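Below, each chain spelled out in residue letters.
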Amino acid sequence: MKLVCRVPGRVARFTAARGKSSAGKSARGKSARGKSAGVKSAAVTAAVLVAVAVGASGCGAPAGQAASTATSGAPTGTVTVLAAASLTEPLTELARAYERAHPGVTVRTSFGSSTTLAQQVAQGAPADLVAFAGTTAVAQLPAKDRDPARSRVIARNTLEVATPPANPGRVAGLQDLARSDVAVVLCVASAPCGKAADALFSATRIVPHVVSREVDVKATLAKVRLGEVDAAVVYHSDVVSAGDAVHGVPVSGPGQQVLTYPLIQLSDSAAARGFADYVVGATGRAALGRHGFLSP
C-alpha cells in the first residue's frame, strides 16, 4: 500500500513493505508464509501510523497558513481617503502609523477643498472615507452617503490670521486687514475656509484689502509662506502645523467661526472601518490636537 502526502516543494511517500514470501524455497512451506504475512501486516500498520502523524504535522495547510487563518480577522486591503486640505498633516501622520500597525493595509490619502471633494464623490470618484472642513459640503454627497449613522465628528477648528514670520504689515488684529497697505489673501468663497472668512468679516463689518483668493487653505497659506502677501485668514490648525514658517494673530470676538469636521464612511470594508475607528479614537484625537485642532 502507498500513501502520498503532498506538501509544498515535496511529496512524501510511504510504502508498506510487501513482505516477500519465500515461495521459491519449498522448505519453509505454510509456516514461512504465515510468518511473512505477519511481518507484512505489521509493516502496513506502521506505515499508516507514520502517514497519519506526518499528515497531522505537515500534510495539512502549508506552513504559516494556519496562523494566517487564525489572524484572518485583521483588516487588509487599500483604504482611499479624501480629506479637507487642512487635515493634510494629521491624517498623513495617522495613515502612516496605521499602516505600520496593520501591515496588510494601505491608506491612500488625497487632500483638497471640501467642496471639490464632495463633487468628486458625487461624480463617482472611488473613496472609502471622506472628511470635510465644516458640514456644508455634506449636502453635495449622494443621498446614500448622507446617512448620519455613517458620519462621526473628529475635530473642530477656528480661524486665525497668518502673516510672514517678521509680520512686515504690522498686523495686530483683524481690523488691520482693512488697511490699503496690507495685502490680504483668502480662500475662494466656495471653499469652507472662504465661506468662514466671509462670515467673519460680515459679522465684524470689516472690509479686508483682498488681493487674491485661492482654491483651498493650503494654497492660501502658501502665499504667506512665500512672502507674496502680508496676511491670510486660515485655520488655527494651519498656523500650528506651519510652525516657525508663519506668525499667527488670533481672532477673537463674536464673529469667530467654529467649523465641525465630519468623517463619513462611504464603504463597508473592514479596513475602512478600522482606520475610521483609529482616527476617531484616542490616537487620532491626540494627533489632531498636536496639529491645532480642537476636540469634537
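Please read all numbers here as calculations on a predicted model, not as lab measurements. (Residues numbered from 1 in each chain as written. Predicted model: local features only at pLDDT ≥ 70, side-chain atom pairs only at ≥ 80, totals over all residues. Heavy atoms only, no water.)

Draft legend 1. Main features of the overall build of the protein chain. When its secondary structure is counted, the protein chain shows nine helices and 11 strands. For the protein chain, the proportion of its 296 residues judged to be buried stands at 41%. Pairs at least 24 residues apart make up 76% of the contacts formed inside the protein chain by residues separated by at least 6 positions. Summed over all atoms, the accessible surface of the protein chain reaches about 14,900 Å², with 55% contributed by carbon and sulfur. (Helix = DSSP H or I, 4+ residues; strand = E, 2+ residues; numbered from the N terminus. Buried < 20%, exposed > 50% of the residue type's maximum accessible area, 1.4 Å probe, protein only. Contact = heavy atoms within 4.5 Å. Areas by Shrake-Rupley, 256 points an atom, 1.4 Å probe, with all protein chains shown as cover.)

Draft legend 2. Layout of the nonpolar core. Formed by 62 residues in total, the largest nonpolar core has its most connected members in Leu87, Ile154, Val161, Leu177, Tyr261 and Phe275. Sort the elements by how many residues they give to this core and helix H8 (residues 270–280) lands first, with six residues. In terms of nonpolar packing, the next biggest core, distinct from the first, is built from 12 residues, Leu82, Ala127, Phe132 and Ala137 among them. (Core = buried A, V, L, I, M, F, W, Y, C linked by side-chain atoms within 4.5 Å.)

Draft legend 3. Spotlight on the side chain of Asp216. Following the sequence through the fold, Asp216 ends up in the loop between strand E8 (210–214) and helix H6 (217–225). At a separation of 2.9 Å, a polar atom in the side chain of Asp216 contacts the main-chain amide nitrogen of Ala219. In contact with Asp216, other than residues within four places in its own chain, are Ala85, Gly112, Ser113, Cys187 and Cys193. (Polar contact = N/O pair within 3.5 Å; in protein donor to acceptor, adjacent residues only side chain to side chain.)

Draft legend 4. Structural context of H6. Turning to H6, its buried residues are Val217, Thr220, Leu221 and Val224. One face of H6 carries all of its buried residues, which in axial projection span an arc of 95°. One side-chain oxygen at the N-terminal end of H6 lies 3.1 Å from the backbone nitrogen of Lys218; it belongs to Asp216. (Arc of directions from axis to C-beta.)

Draft legend 5. Focus on the packing of aromatic side chains. With the rule as written, the count across this model stands at five aromatic pairs. Aromatic side chains Tyr235 and Tyr261 sit 6.4 Å apart centroid to centroid with 70° between the ring planes, which places their arrangement in the edge-to-face category. In this pair, Tyr235 is assigned in strand E9 (residues 231–235) and Tyr261 in strand E11 (residues 258–265), connecting sequence segments 26 residues apart. When its relative accessible area of 2% is taken as the criterion, Tyr235 is described as buried. Since its relative accessible area comes to 0%, Tyr261 is described here as buried. Their ring planes at 85° and their centres at 5.3 Å tell us that Tyr261 and Phe293 sit as a pair that is edge-to-face. Taken together, the residues Tyr261 in strand E11 and Phe293 in the segment after helix H9 (282–290) connect sequence positions 32 residues apart. (Phe/Tyr/Trp six-rings, centres within 6.5 Å; stacked < 30°, edge-to-face > 60°.)

Function-wise, these values are silent; they only describe arrangement.
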